Amino acid sequence: MPKVTVRYWAAAKAAAQVAEEPYEADTLAGALAAVRTRHPGELTRVLQRCSFLVDGDPVGTRAHETVRLAEGGTVEVLPPFAGG
């Protein structure tokens, strides 16, 4: 199973109380399920409003189950930004 780094920004970072952390997951859906398990409180609510980049590419409207993760990859968790 690929090891990836999940990086949190803005409200997601505040809710997770860390800037980034490692996970093992095959897909974006799997990584986000692991995040929700580790952080069942506020971060779970924040994730509902986030967009995601996987290795620098926007996920957009693709189903998270179809977004494959690569060994050493990065998932960026981006909440809506004020004014942006």
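Preceding block: the structure.
Quantities reported herein were computed from a predicted structural model and do not represent experimental measurements.

Novice: Please explain the side chain of T27 as it appears in this structure.
Specialist: Within the secondary structure layout, T27 lies in the loop between β2 (20-24) and α2 (28-38). A polar contact of 3.1 Å, which involves the side chain of T27, links it to the backbone nitrogen of G30. Sequence-distant contacts of T27, that is, excluding residues within four places in its chain, are made with H64, E65, V67, R68 and L69.

Novice: Help me understand the pairing of strand β1 (residues 3-8) in this model?
Specialist: Side chains V4, V6 and Y8 project from β1 onto a buried face, and the interleaved K3, T5 and R7 project onto a face without burial. Examined bridge by bridge, β1 and β2 share five bridges and lie antiparallel to one another. Residue T5 lies in a different strand from β2, and its bridge partner there is P22. Bridge analysis of β1 against strand β5 (residues 74-78) gives four bridges, and the strand direction is parallel. Counterpart to Y8 in the pairing with β5 is V77.

Novice: I keep staring at the nonpolar core and nothing clicks. Help me out?
Specialist: Side chains that are nonpolar tend, in soluble globular proteins, to be buried together. By size, the foremost hydrophobic cluster in this structure holds 22 residues, and its most contacted members are Y8, L28, L43, F52 and V77. Of all the secondary structure elements, the ones that give two or more residues to this core are β1, α1 (11-16), α2, α3 (42-47), β3 (51-54) and β5. Residue contributions to this core peak at four residues, all from α2.

Novice: What's the story with the sheet that holds β1 in this structure? I'm lost.
Specialist: Hydrogen bonds between backbone atoms are what pair the strands of a sheet, whose relative direction is either parallel or antiparallel. Reading across from one edge, β2-β1-β5-β3-β4 is the order of the five strands in this open sheet, with mixed pairing throughout. Edge strands, defined here as strands with exactly one partner in the open sheet, are β2 and β4 (57-58). Sheet topology places β3 next to β5; four bridges connect them, and they run antiparallel. Bridge pairing links V54 to V75 in β5.

Novice: Even after reading the chapter, I still don't get α2, so can you show me in this structure?
Specialist: At 3.6 residues per turn, the α-helix brings residues three or four places apart onto the same side. Along α2, the positions that sit buried rather than exposed are L28, A31, L32 and V35. Viewed along the axis of α2, the buried residues span an arc of 95°, placing them on a single side of the element. In this structure, the buried side of α2 is in contact with β1, β2, α3, β3 and β5.

Novice: Would you mind showing me how to read unusual backbone geometry here?
Specialist: For residues other than glycine, phi is negative in most cases, and the peptide bonds are mostly trans. In this structure, Q17 takes a positive phi of about 65° despite not being glycine. Within the fold, Q17 resides in the loop between α1 and β2. A positive phi angle is found at D55, which is not glycine, with a value near 50°. Checked against the element boundaries, D55 lands in the loop between β3 and β4.

What counts, and at which threshold
- Residues numbered from 1 in each chain as written.
- Predicted model: local features only at pLDDT ≥ 70, side-chain atom pairs only at ≥ 80, totals over all residues.
- Heavy atoms only, no water.
- Helix = DSSP H or I, 4+ residues; strand = E, 2+ residues; numbered from the N terminus.
- Polar contact = N/O pair within 3.5 Å; in protein donor to acceptor, adjacent residues only side chain to side chain.
- Contact = heavy atoms within 4.5 Å.
- Buried < 20%, exposed > 50% of the residue type's maximum accessible area, 1.4 Å probe, protein only.
- Pairing = 2+ DSSP bridges.
- Core = buried A, V, L, I, M, F, W, Y, C linked by side-chain atoms within 4.5 Å.
- Arc of directions from axis to C-beta.

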